[in-house]
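Survey of secondary and tertiary structure
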Amino acid sequence: MQNLVNSVTDAVERAVAALNVDQLHQEYWDQNEFLVIKQFLPRAFVEATLVPQAQDVKTELNRNYIPGHKKGGSVSYYTVQEKAPRFLDLYRSESFKAFLSRLTEVKLTFCPDNDPHSCALYYYTEPGDHIGFHYDTSYYKGARYTILMGLVDRSTHCKLVCELFKDHPTKQPRHLELVTEPGDMVIFNGDKLWHAVTPLGEGEERIALTMEYVTNPEMNPVKRIYSNLKDSIAYFGLKTVFKRAFSGLNRLS
Ligand SMILES: [Fe+2]
């Protein structure tokens, strides 16, 4: 187990060291704070070390259905911490965070421990699973960045659809449809990218890792309640979200 843990940390460090950061930085800003890195981690490595943990926690899946907007399953940061900790070796990698900070030109920090989205898993496992167009709006006092990594992509229907430059004052919107193969990474500023995931077909499966970093981990308490309610309904369930939220409140009092 220790070797595998080290191997994730080492693989992330090697992956970061191999990046052409100046070129990626240019691309990220040219695309209004959006970037795709194909095969950030090699597919075979992801399938050997990370996918088995994502498959193991399928039993912990919380399924949601919001008519007209979203259908799918999620596993929260709390479950990842307890039962799929290899993902945290990527999320908490200092070299990875330093790379993201260089890319975004801000000093990024981890989300507070009571944010179930910090490092979570999204599952598209039943026909029609999808999410409609949205921004990953930041309820924090600063900006929020989303990093997605493909884990399983046995689908021809289920794609990440992005509308770059939507609401941009001068640029024309640009439409992209992306397949996120295991190890492919997508990085964006949550307030700037209008995106969706198209419905899964019969007999298909798609699993993605989502990680979140912020510039300021503080959140107005009213916004925290709103954010928790949204996460309960759309993602992780009431019990999961509020268990940690209340323990957070207890720690503060
Ligand atoms: Fe999103």
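The preceding data block contains the structure.
This write-up is about the structure you can find in this document. No experiment lies behind these values; they were computed from the predicted model shown.

1. What about the coordination of the iron ion?
Within the first shell, the iron ion binds the protein through H134 (NE2), D136 (OD) and H195 (NE2), at distances of 2.2 Å. The sequence pattern describing where the donors of the iron ion fall on their chain is H-x1-D-x58-H. You can see H134 sitting in strand β6 (residues 130–134) and its partner H195 sitting in strand β11 (residues 194–197), a full 61 residues away along the chain.

2. Things to note about a nonpolar patch on the surface
On the surface, I225, L229, I233 and L238 cluster together to form a nonpolar patch covering roughly 400 Å² of accessible area. Per element, the largest residue contribution to the nonpolar patch is 3 residues, and it comes from helix α8 (residues 221–236).

3. Quick word on the pattern of salt bridges
Taken as a whole, this structure holds 16 salt bridges when the rule is applied. Between K38 and E181 there is a salt bridge, with the nearest N and O atoms lying 3.6 Å from each other. Within this pair, whereas K38 is found in the loop between β1 (34–37) and α3 (43–49), its partner E181 is found in the loop between β9 (174–178) and β10 (185–189), the two being separated by 143 residues in sequence. We classify K38 as partly exposed; its relative accessible area is 47%. You can call E181 partly exposed: its relative accessible area is 31%. Of the charged contacts in the structure, one is a salt bridge between K166 and D167, with a shortest N-O distance of 3.7 Å.

4. What to know about the pairing of strand β3 (residues 70–75)
In terms of burial, β3 is largely enclosed, as 6 of its 6 residues are buried. Sheet analysis places strand β2 (residues 62–66) next to β3, joined by 5 bridges and oriented antiparallel. Its bridge partner lying in β3, N64 is registered against G72. Hairpin connection of β2 to β3: 3 residues between the antiparallel strands, including G68 at a positive phi of 80 degrees. Note: β3 against β6, 2 bridges, orientation antiparallel. Looking at the pairing, K71 lines up with H130 of β6. Of the strand pairs in this sheet, β3 and strand β5 (residues 119–124) are connected by 3 bridges, and their pairing is antiparallel. The partner of V75 across the bridge, within β5, is L121.

5. A closer look at unusual backbone geometry
Here E33, not a glycine, exhibits a phi torsion of approximately 65 degrees, which is positive. Its location among the elements puts E33 in the loop between α2 (21–30) and β1. Given the relative accessible area of 5%, E33 is considered buried.

6. Describing the packing of aromatic side chains
One pass over the full model with this rule turns up 11 aromatic pairs. Here Y77 and Y78 contribute two aromatic rings whose centre-to-centre distance is 6.2 Å and whose plane-to-plane angle is 55 degrees, an arrangement assigned as tilted. Its relative accessible area of 3% is what places Y77 among the buried residues. By relative accessible area, Y78 is classed as buried at 6%. Ring geometry for F133 versus W194: centroids 5.7 Å apart, planes at 15 degrees, classification stacked. With F133 in strand β6 and W194 in strand β11, this residue pair connects regions lying 61 residues apart in the sequence. The class for F133 is partly exposed, based on a relative accessible area of 34%. Under the relative-accessibility criterion, W194 is labelled partly exposed at 23%. Ring-pair connections join several aromatic residues into one group, and the members of that group are F40, Y77, Y78, Y91, F96, F110 and Y213.

7. Digging into the pairing of strand β8 (residues 160–164)
The side chains of a regular strand alternate, residue by residue, between the two faces of the sheet. A large share of β8 lies buried, amounting to 5 of its 5 residues. Judged by which residues are buried, β8 turns out to be covered on both faces: L160, C162 and L164 on one side and V161 and E163 on the other are all buried. In this structure, β8 lies alongside β9, joined through 5 bridges in antiparallel fashion. What sits directly across from L164, in β9, is R174. Taken together, the 4 bridges between β8 and β11 define a ladder with antiparallel strand orientation.

Calculation notes
- Residues numbered from 1 in each chain as written.
- Predicted model: local features only at pLDDT ≥ 70, side-chain atom pairs only at ≥ 80, totals over all residues.
- Heavy atoms only, no water.
- Donors = N, O, S within 2.8 Å, 3.2 Å for Na, K, Ca; no water.
- Helix = DSSP H or I, 4+ residues; strand = E, 2+ residues; numbered from the N terminus.
- Patch = residues over 30% accessible without salt bridge, like charges linked within 9 Å, V, L, I, M, F, W, Y side chains within 5 Å.
- Areas by Shrake-Rupley, 256 points an atom, 1.4 Å probe, with all protein chains shown as cover.
- Salt bridge = Lys/Arg side-chain N within 4 Å of Asp/Glu carboxyl O.
- Buried < 20%, exposed > 50% of the residue type's maximum accessible area, 1.4 Å probe, protein only.
- Pairing = 2+ DSSP bridges.
- Phe/Tyr/Trp six-rings, centres within 6.5 Å; stacked < 30°, edge-to-face > 60°.

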